[in-house]
Amino acid sequence: MCATYDDIVGILVEELGQSREELSPETTFRELGIDSLALLELSVIVEERTGILLEGVTHGSSIAEAAAALGDALAPAAARSGDRPLSTADDRAPLKAGNQALSAAGESGR
Amino acid sequence: MRHDDIAVTGIGLVTPAGIGVDATWQGLLDGRPTAATDPELVHLDTDFTCRVPGFDAGRLLGRALSWRLDRFTRLALVGAREAVADAGLDTDDWDPARVAVVLGVGSNSLERYPQEFGRFNSNRPNRLSPLAIVRSVPSTVPAEVALNLGARGPSLSVATACASGTTALGIAQDLLRGGSCDIVVTGGAESGALPAVVACFQQMRALSRRTHDPAGASRPFDRDRDGFVLGEGAGILVLERAAHADARGARTRAVLAGFGSSSDAHDIAAPHPEGRGATDAMQTALRDAALTAADIDHVNAHGTSTPLNDAAEFRALRAVFGTPPAVTANKSVLGHALGAAGGIEAAATVLTLQHQIIPPTANLDALDPDIDLDVVRKSPRSARIRAALSNSFGFGGQNAVALFTTAT
């Protein structure tokens, strides 16, 4: 899968307590028991790390669909800035290995 | 038992003495203080607390559930699961609409606020967690417990500062006597042993500053006491009308036979010097149980180890009893778990009645010469205990007293 898939999985495992072995591209957020606020939490973490507001993702979305939405949003933004990943200047931080699209926001635990 | 007696059929404890009823009871019997230097507090005048050891919420509750819970909810949930299992209840079999959850929680969880408000103050309001409010408000604690147990009866959080856990028992008793539910999961939970909370109480001059001797810092009724030690935990009880418990063949650990509450209407922080409100609450509990002072063989004191509380509580005990019965103060071992304390000490009182043993008060080396009490110290005391009070007094003068009797 693409880098954005790994990013979403990374957030689900590291921040939202999911087990990596239970995740696949076809898994939907509803199947994971991700409730309304947890989905919002996910989108805030994504926005914090990328500056991208994750739109159109619902409980019925699969992880692959969310990853594709993030990839689509990142592509034109990256073209504009000529740089990937996107991060605001004050949030810029060293990238995690294997996590090219999302940068840590300079704060651990979120 | 009387027809409106309330049976305690289950208890659950998560305390600095350990996770589970057995660990906490053993810790109390050993009289082993749990206060210790806390590495997170190195920059504070008071750098010690009582923390629940080895509390791995991911292992106990699962990471998929625990990630969104603040610590007070995690503590409550572990305690509630133990209490429900201890009561022999199967959540698949009970009528969920007849099960209530009433928990004393003294304050919002301040666990995440420094981080979240830091984002707010640095002009990043859209970086706050959408869960910031939901995970931190007191009502979340009973709400998450109800959600987890599938309990669909009334769900309430009760806040009367350090009396919250005991006040919750009184509300639970009313719900059961009124017939609006058959089972109540009640008690208290709080996680105040956090840097921000320690800093706040330190500024109130409420905490012990015995930094050279943390284990000796919580010393209720002792001449050299200088404040309380912040603790944390959950003390959960399952209550049912006695008839309901008998009908399902449940084991009754003890009986909640009476409850009394009152307000000092004196000062927003200091107790009334003569313990006026505390006296009223104890006398109300006695009347509620149709007992007299002579029927009470033991008092599980609020006993915080602050100079003012312990002096006022002694005067209240003298006013109610003349010569008070044997007293102990669990906070000498466990510290002060704030809104959870009443639930924890109620469970300890239930165990005292069941086992006919009073655990000792730790650190009582020299009784305050102005306090004339029979405080159990050094080692546990076996005694005939027919009925006992569990006292809780919140700052602001909110007092609550539960009266328990033996099961038979």
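Parameters at a glance
- Residues numbered from 1 in each chain as written.
- Chains lettered and ligands numbered in written order.
- Predicted model: local features only at pLDDT ≥ 70, side-chain atom pairs only at ≥ 80, totals over all residues.
- Heavy atoms only, no water.
- UniProt positions renumbered as here; feature names shortened; annotations may be inferred.
- Helix = DSSP H or I, 4+ residues; strand = E, 2+ residues; numbered from the N terminus.
- Rg over C-alpha atoms; globule rule 2.2 N^0.38 Å.
- Buried < 20%, exposed > 50% of the residue type's maximum accessible area, 1.4 Å probe, protein only.
- Contact = heavy atoms within 4.5 Å.
- Areas by Shrake-Rupley, 256 points an atom, 1.4 Å probe, with all protein chains shown as cover.
- Core = buried A, V, L, I, M, F, W, Y, C linked by side-chain atoms within 4.5 Å.
- Domains from an automatic or database assignment.
- Buried area = accessible area lost by both parts, 1.4 Å probe.
- Salt bridge = Lys/Arg side-chain N within 4 Å of Asp/Glu carboxyl O.
- Polar contact = N/O pair within 3.5 Å; in protein donor to acceptor, adjacent residues only side chain to side chain.
- Arc of directions from axis to C-beta.
- Axes fitted to C-alpha atoms, helices over the stretch in contact; angles between N-to-C directions.
- Parallel < 35°, antiparallel > 145°, perpendicular 65-115°, else oblique.
- Nonpolar A, V, L, I, M, F, W, Y, C, P; charged D, E, K, R; others polar.
- Pairing = 2+ DSSP bridges.

If you look chain B up in an unreviewed UniProt entry, it shows as Beta-ketoacyl-[acyl-carrier-protein] synthase family protein from Streptomyces ureilyticus. Database annotation for chain B, UniProt heading Sequence similarities (unreviewed entry): "Belongs to the thiolase-like superfamily. Beta-ketoacyl-ACP synthases family."

In the annotation of an unreviewed UniProt entry, chain A is listed under the name Acyl carrier protein and assigned to Streptomyces ureilyticus.

Chemist: Explain the overall build of chain B to me, and be specific about the residues and the numbers.
Modeler: Of regular secondary structure, chain B possesses 13 helices and 15 strands. Expected size for 408 residues packed as a compact globule is a radius of gyration near 22 Å; at 20 Å, chain B falls within 12% of this value. For chain B, the spread of C-alpha atoms along the three principal axes comes to 60 × 55 × 40 Å. When the 408 residues of chain B are sorted by exposure, 61% land in the buried category. The long-range share in chain B, meaning contacts at least 24 apart out of those at least 6 apart in sequence, stands at 78%. Carbon and sulfur atoms form 51% of the exposed surface of chain B, whose accessible area is close to 14,200 Å².

Chemist: So what's going on with the overall build of chain A? Residues and values would help.
Modeler: Within chain A one finds 3 helices and 0 strands. When the helices and strands of chain A are listed from N to C terminus, the series reads α-α-α. Within chain A, the proportion of its 110 residues that are buried is 50%. In chain A, the share of contacts with a sequence separation of at least 24, taken over all contacts with a separation of at least 6, comes to 58%.

Chemist: Quick rundown of the nonpolar core? Include the residues and the values.
Modeler: All names here are of chain B. Counting residues in each nonpolar core, the largest one holds 42 residues, and the members touching the most others are L237, L239 and F404. With 7 residues, the top contributor of residues to this core is helix α13 (residues 341–355). Shared between two domains, this core holds at least three residues of each, these being domain 1 (7–247) and domain 2 (258–405). Core analysis: the second largest hydrophobic core is formed by 33 residues, F72, A76, A87 and L89 among them.

Chemist: Talk me through the interface of chain A and chain B; I want residue IDs and the actual numbers.
Modeler: If you look at the interface, chain A gives 19 residues, while chain B gives 15 residues. Where chain A abuts chain B, roughly 1,500 Å² becomes buried across the two surfaces, and 45% of that area is made up of carbon and sulfur atoms. At the junction of chain A and chain B, the tally comes to 3 salt bridges. Note that R68(B) is salt-bridged to D35(A), the shortest N-O span being 4.0 Å. There are 5 residue pairs in polar contact (both at pLDDT 80 or more) connecting chain A and chain B. Of all the secondary-structure elements, those providing two or more residues to the side of chain A that touches chain B are α1 (3–14) and α2 (36–50) of chain A. The element that contributes the greatest number of residues to the side of chain A that touches chain B is α2(A), accounting for 7 residues.

Chemist: Please provide a residue-by-residue account of the environment of D267(B), values included.
Modeler: Residues and elements named next belong to chain B. Structurally, the position occupied by D267 is in the loop between β9 (254–263) and α10 (276–288). Note: C-alpha distance between D267 and R318 (51 residues apart in sequence) is 22 Å. Dropping the residues within four chain positions of it, D267 is found in contact with G396 and G397. At 2.8 Å, the side chain of D267 and the backbone nitrogen of A269 are in polar contact. Within the structure, the side chain of D267 is placed 2.8 Å from the backbone nitrogen of A270, a separation counted as a polar contact.

Chemist: Before we move on, could you go through the side chain of S191(B) and cite the residues and values that matter?
Modeler: Residues and elements named next belong to chain B. The residue S191 is located in strand β7 (residues 183–191) in this model. On the basis of relative accessibility, which here comes to 6%, the residue S191 falls in the buried class. Among the polar contacts listed, one links the side chain of S191 to the backbone nitrogen of F72, at a separation of 3.3 Å. Aside from chain neighbours lying at most four places away, what touches S191 is R71, F72, L75 and E232.

Chemist: So what's going on with helix α5 (residues 113–121) of chain B? Which residues, and what values?
Modeler: Residues of α5(B) that are buried: Y113(B), E116(B) and R119(B). Looking straight down α5(B), one finds its buried side chains confined to an arc of 130°; they lie on one side. The outward face of α5(B), more than 90 degrees from its buried face, is lined by the exposed residues P114(B) and N121(B). Looking at the buried side of α5(B), the elements it contacts are α2 of chain A. Positioned one or two residues after α5(B), N123(B) has a phi angle of 60°, which is positive.

Chemist: Describe the packing of helix α1 (residues 21–30) of chain B against α13(B), and please don't skip the residues or the numbers.
Modeler: Residues and elements named next belong to chain B. One way to put it is that α1 packs onto α13 with a least axis distance of 11 Å and a crossing angle of 75°. It follows that α1 is roughly perpendicular to α13 by the angle criterion. In this structure, α1 contributes V21, W25 and L28 to the contact, and α13 contributes A348, L351, T352 and H355. Grouping the amino acids of the contact of α1 with α13 by side-chain chemistry returns 5 nonpolar, 2 polar and no charged.

Chemist: Can you tell me about the pairing of strand β15 (residues 398–405) of chain B, naming the residues and giving the values?
Modeler: All names here are of chain B. The buried fraction of β15 amounts to 7 of the 8 residues, a majority that puts the element mostly inside the structure. Of the pairings in the sheet, the one linking β9 to β15 comprises 8 bridges and is antiparallel in character. When the bridges of β15 are listed, L256 appears paired with F404. With 8 bridges joining them, strand β14 (residues 387–394) and β15 adopt antiparallel strand pairing. Bridge pairing in β15 links F393 to N399. Counting the residues that bridge the hairpin from β14 to β15 gives 3 residues, and of these G396 lies at a positive phi of roughly 95°.

Chemist: So what's going on with the environment of R276(B)? Residues and values would help.
Modeler: Residues and elements named next belong to chain B. The residue R276 is located in helix α10 in this model. Looking at R276, the relative accessible area reads 40%, which means it is partly exposed. In sequence terms R276 and A265 are 11 residues apart; their C-alpha atoms lie 9.5 Å from each other.

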